[in-house]
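Observations on chain architecture
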Amino acid sequence: MSSQTPVLEISCQQVLSEDASVFSVQWLDLPVPLAGGLSAEKLLCRYLDYVKKCTLTLIRPETCENGIEFRLLGTRLSLISFLPPISAGNFATLRICGGYLVQPRQCDRGELRFGVEQVKEHVRVSLQLNDFCPLILGSRSPSLVRLWLYRATQAAIHRLVTVRFLSLLYHELAGHSARVRIIPVVVRAGTPV
């Protein structure tokens, strides 16, 4: 690989909060000219298309009358269900309302937020998961085995999907690919996952 190949820096943090909910954020800062015309709503739409493609349609985001469901293999089984998107300012938010991967007593909390906002001389494109309570963790005090299993499965998959999505977005906007460097950041306190 040539030393002239650009390096794309993606900032990332994934932590388990005190109440055993997950906080995860990934972002990249784009030069203003590259981000022209990009909005939070368009970012959300691109992400939904990307999830379907990157999972080879194993997971299919489906819009239904109650919102959006990430369904498994064209079945009616929803892995994660969201209320309809809410757009406010530079953000589009999907509030979690159920699904097989969510703790049943915690279905009314959690959100996936897409952001496109001006930050200094750049446009920050971000994906943020807040207050998500994965079924695999089981409760507010998950065992070490459950925590390890979550890290090795859902947490790793979520990070891979979001980092690859941001990399692909950069490639589409810039017209070329770049080497990716993950930059650890601290946005919230918690146990890294």
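Right above here is the structure, for reference.
Along each chain, residues carry numbers from 1 onward, in the same order as the chain's sequence is written. Restriction of local features to residues with pLDDT of at least 70 applies here, the model being predicted, together with a cutoff of 80 or more for giving and counting side-chain atom pairs; totals for whole chains, interfaces and linings are based on all residues. Water and hydrogen atoms were dropped before computing side-chain values, which therefore reflect all heavy atoms in the structure.

1. Focus: the state of the cysteines
Cut-off, in case you're wondering: Disulfide: a pair of cysteine sulfur atoms within 2.5 Å of each other. Working definition: with a 1.4 Å probe on protein chains only, accessible area under 20% of the residue-type maximum means buried, over 50% means exposed, and in between means partly exposed.
With the rule as written, the count across this model stands at 0 disulfides. We note that cysteine 107 lacks a disulfide partner, and the nearest cysteine sulfur, in cysteine 97, lies 7.9 Å from it. Free of any disulfide, cysteine 133 has its nearest cysteine sulfur in cysteine 107, 9.3 Å distant. Here cysteine 133 falls in the buried class, since its relative accessible area comes to 3%.

2. Some words on the side chain of glutamate 69
Our working rule: Per the convention used, a helix needs a DSSP run of H or I reaching at least four residues, while a strand needs a run of E reaching at least two, with both numbered from the N terminus. In the analysis that follows, any N or O atom pair within 3.5 Å is treated as a polar contact, provided that within protein one partner can donate a hydrogen and the other can accept it, and provided that, for residues neighboring in sequence, both atoms belong to side chains. In what follows, residue pairs with any heavy atoms lying within 4.5 Å of each other are defined as contacts.
With respect to the element layout, glutamate 69 can be found in strand β4 (residues 67-72). With relative accessibility at 18%, the residue glutamate 69 sits in the buried group. Here the side chain of glutamate 69 touches arginine 71 through a polar contact of 2.7 Å, side chain to side chain. If we skip the residues at most four places from it in the chain, glutamate 69 touches Arg60, Pro61, Glu62, Cys64, Arg76, Ser78, Ile80 and Ser81.

3. So, the nonpolar core
Threshold: Each nonpolar core is a collection of buried residues, namely Ala, Val, Leu, Ile, Met, Phe, Trp, Tyr and Cys, held together in the definition by side-chain atoms within 4.5 Å.
Core analysis: the biggest nonpolar cluster contains 46 residues, and Tyr47, Phe70, Phe82, Phe114 and Phe132 have the highest contact counts within it. Here this core takes 9 residues from helix α2 (residues 144-174), the largest share from any one element. With residues up to four places along the chain from it excluded, the contact list for tyrosine 47 reads Phe70, Leu112, Phe114, Leu127, Val161, Thr162 and Phe165. In terms of nonpolar packing, the next biggest core, distinct from the first, is built from 5 residues, Val15, Phe23, Val25 and Val185 among them.

4. Overview of helix α1 (residues 40-54)
Cut-off, in case you're wondering: To estimate the expected span of a helix, count its residues, drop one, and scale the result by 1.5 Å. Directions from the helix axis toward the C-beta atoms define the arc.
Over its 15 residues, α1 extends 20 Å from the first C-alpha to the last, a length consistent with the 21 Å expected when each residue adds 1.5 Å. Listing the buried residues of α1 in full gives Ala40, Leu43, Leu44, Tyr47, Leu48, Tyr50 and Val51. Along α1, the residues classed as buried sweep out an arc of 165° about the axis, all on the same side. Leucine 56 sits one or two residues past α1 and shows a positive phi near 55°.

5. Quick notes on the packing of aromatic side chains
Convention followed: A pair of aromatic rings is counted whenever rings of Phe, Tyr or Trp (Trp by its six-membered ring) have centres within 6.5 Å, and the orientation is called stacked for planes under 30 degrees apart, edge-to-face for over 60 and tilted otherwise.
Here the structure, examined in full by the defined rule, presents 4 aromatic pairs. Here the aromatic rings of tyrosine 47 and phenylalanine 165 are separated by 5.3 Å at their centres, their planes lie at 90°, and the arrangement is edge-to-face. One end of the pair, tyrosine 47, is in helix α1; the other, phenylalanine 165, is in helix α2, with 118 residues separating them in the sequence. The pair tyrosine 47 / phenylalanine 165 is uniform in exposure class, with both members buried. Centroid distance tyrosine 50 to phenylalanine 165: 5.5 Å. Interplanar angle 50°. Geometry classified as tilted. In this pair, tyrosine 50 is assigned in helix α1 and phenylalanine 165 in helix α2, connecting sequence segments 115 residues apart. Here tyrosine 50 matches phenylalanine 165 in class, with each residue buried. One aromatic cluster is present, formed by Tyr47, Tyr50, Phe114 and Phe165 through successive ring pairs.

6. What about the packing of α1 against α2?
For clarity, the cut-off: The axes are straight lines fitted to the C-alpha atoms, using for helices just the contacting stretch, and the angles between their N-to-C directions are given from 0 to 180°. Each angle is binned into one of four classes, with values under 35 degrees roughly parallel, values over 145 roughly antiparallel, values of 65 to 115 roughly perpendicular, and all other values oblique. By convention, the crossing between two helices is left-handed when the near helix turns anticlockwise from the far helix through less than a right angle, and right-handed when the turn is clockwise.
At a closest axis distance of 11 Å, the pairing of α1 and α2 adopts a crossing angle of 115°. In this view, α1 runs roughly perpendicular relative to α2, as classed from their interaxial angle. The interaxial crossing formed by α1 with α2 has right-handed handedness. Taking contact as the criterion, the partners of Leu43, Arg46, Tyr47, Tyr50 and Cys54 in α1 are, on α2, Val161, Thr162, Arg164, Phe165, Leu168, Leu169, Glu172 and Leu173.

7. As for the layout of surface pockets
Worth spelling out the cut-off: Cavities and pockets are found on a 1 Å grid laid over the protein atoms alone: a cavity is a set of points where a 1.4 Å probe fits but cannot escape, a pocket is an open set with protein on both sides within 12 Å along at least five of seven lines, and a lining residue has an atom within 4 Å of such a point. Grid points are joined across faces, edges and corners, and a volume is the space filled by probe spheres set on the points. In this count, Pro and Cys sit with the nonpolar residues alongside Ala, Val, Leu, Ile, Met, Phe, Trp and Tyr, while Asp, Glu, Lys and Arg are called charged and the others, Gly among them, polar.
The calculated volume of the largest pocket comes to roughly 550 Å³. Along its surface, the largest pocket is lined by 20 residues, and Ile59, Ile80, Leu101, Gln154 and Ile157 are the ones closest to its centre. Contributions of two or more residues to the lining of the largest pocket are made by α1, β4, β5 (78-82), β9 (122-132) and α2. Looking at the lining of the largest pocket, the element that brings in the most residues is α2, giving 5 residues. Looking at the lining of the largest pocket, its residues break down into 17 nonpolar, 3 polar and no charged. Val7, Leu8, Glu9, Ser11, Trp27, Leu28, Asp29, Leu30, Pro31, Tyr170 and Ile183 are the residues that line the second largest pocket. Counting residues per element, the ones that place at least two in the lining of the second largest pocket are β1 (7-16) and β2 (22-31). Looking at the lining of the second largest pocket residue by residue, the classes come out as 8 nonpolar, 1 polar and 2 charged.

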